[in-house]
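Close look at the chain arrangement
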Amino acid sequence: MATNLQSVYKNNAIQTATPGELTLMLYNGCLKFIQQGKQAIEAGDIEAKNTALQKAQNIIRELMVTLKTDSELGQNMLRIYDFILSQLIYANIKNDLTALAEAEELVVSFRDTWKEAIQIDRKQRHGEGGKA
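Residues numbered from 1 in each chain as written. Predicted model: local features only at pLDDT ≥ 70, side-chain atom pairs only at ≥ 80, totals over all residues. Heavy atoms only, no water.

1. Examining the confidence of the model for the protein
- Of the residues in the protein, 85% reach a pLDDT of 70 or more, and the chain-wide mean stands at 90.
- By mean pLDDT, the top-scoring element of the protein is helix α3 (residues 46–66) (98), and the lowest-scoring one is helix α1 (residues 2–16) (60). (pLDDT = per-residue confidence, 0-100. Helix = DSSP H or I, 4+ residues; strand = E, 2+ residues; numbered from the N terminus.)

2. Overview of the pattern of salt bridges
- A full pass over the atoms with the stated rule returns three salt bridges.
- With its nearest N and O atoms 2.8 Å apart, the salt bridge here joins D121 to R125. Linking D121 with R125, this pair stays in helix α5 (residues 97–126), spanning four residues, or about one helical turn.
- Under the relative-accessibility criterion, D121 is labelled partly exposed at 31%. (Salt bridge = Lys/Arg side-chain N within 4 Å of Asp/Glu carboxyl O. Buried < 20%, exposed > 50% of the residue type's maximum accessible area, 1.4 Å probe, protein only.)

3. Brief notes about the packing of aromatic side chains
- Summed over the entire model, instances satisfying the criterion amount to two aromatic pairs.
- Taking 6.0 Å as the distance between ring centres and 5° as the angle between the ring planes, the aromatic pair formed by Y27 and F110 counts as stacked. Remark: F110 occurs in helix α5 and Y27 occurs in helix α2 (residues 19–43); sequence separation between them is 83 residues.
- With 5.0 Å between their ring centres and 40° between their planes, Y81 and F110 make a pair best called tilted. In this pair, Y81 is assigned in helix α4 (residues 72–94) and F110 in helix α5, connecting sequence segments 29 residues apart.
- Owing to a relative accessible area of 2%, Y81 belongs among the buried residues under this scheme.
- Taken together through their ring pairs, the aromatic side chains of Y27, Y81 and F110 make up a single cluster. (Phe/Tyr/Trp six-rings, centres within 6.5 Å; stacked < 30°, edge-to-face > 60°.)

4. With respect to the nonpolar core
- Ranked by size, the top nonpolar core spans 24 residues in total, and within it I60, Y81, I84, L88 and V107 carry the most contacts.
- Counting only elements with at least two residues in this core, the list comes to α2, α3, α4 and α5.
- Sequence-distant contacts of L88, defined by excluding residues within four places in its chain, comprise I34, L53, A56, Q57, I60, L100 and A103. (Core = buried A, V, L, I, M, F, W, Y, C linked by side-chain atoms within 4.5 Å. Contact = heavy atoms within 4.5 Å.)

5. Considering the packing of α2 against α3
- At a minimum axis distance of 8 Å, the contact between α2 and α3 shows a crossing angle of 155°. Judged by the inter-axis angle, α2 sits roughly antiparallel to α3. Both α2 and α3 take part in a crossing whose hand is left-handed. Contacts between α2 and α3 involve T23, L26, Y27, G29, C30, F33, I34, Q36, G37, A40 and I41 from the former and A48, K49, A52, L53, K55, A56, I59, I60, E62 and L63 from the latter.
- Residues that form the contact of α2 with α3 fall into these classes: 14 nonpolar, four polar and three charged. (Axes fitted to C-alpha atoms, helices over the stretch in contact; angles between N-to-C directions. Parallel < 35°, antiparallel > 145°, perpendicular 65-115°, else oblique. Left-handed = near helix turned anticlockwise from the far one by under 90°. Nonpolar A, V, L, I, M, F, W, Y, C, P; charged D, E, K, R; others polar.)

6. Brief notes about α4
- For α4, built from 23 residues, the straight-helix expectation of 33 Å at 1.5 Å per residue is met to within 8% by its first-to-last C-alpha distance of 33 Å.
- Those residues of α4 that are buried are in contact with α2, α3 and α5.
- A positive backbone phi angle near 55° is found at N95, which sits one or two residues after α4. (Expected span 1.5 Å × (residues − 1).)

7. Observations regarding the packing of α4 against α5
- Relative orientation of the contacting elements α4 and α5 amounts to 145°, with a least axis distance of 8 Å. Handedness of the crossing formed by α4 with α5: left-handed. Residues M77, I80, Y81, F83, I84, Q87, L88, Y90 and A91 of α4 lie in contact with α5, whose contacting residues are A99, L100, E102, A103, L106, V107 and F110.
- Partitioned by chemical class, the residues of the contact of α4 with α5 number 14 nonpolar, one polar and one charged.

Okay, here's the thing in structure tokens:
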């Protein structure tokens with residue numbers, strides 16, 4: 001029953017989220033899968049590593065596809081996403097924790113910046129109470 005309630009909650013959270021909140025969820029999901037991949041590499045679990053890192057790669061691909069690249073900022077972000085994706089692929093192929101850490105650091109930076117932008121937007125629209 002608890003699993004069903006969690007599923008309903010997650011479904012509702014996704015369906016009622018703003019586009020900005022959905023992007024934040026993608027960053028957080030990517031970080032979760034990077035952590036799972038890291039743990040699997042350390043444990044020598046090749047199948048779990050591959051599954052987790054492919055999920056992280058898919059999230060980065062989704063962010064790349066939905067990114068507006070009609071500005072210099074968008075084009076620069078696309079290049080960074082491409083680098084993150086290549087690091088995730090390399091880490092998966094070579095079991096390289098350094099490449100994985102580099103990808104993770106960039107995703108954390110994007111996530112933290114995005115979270116701050118959401119908080120600023122909420123404060124401007126709703127007053128001081130907005131938290132992400």
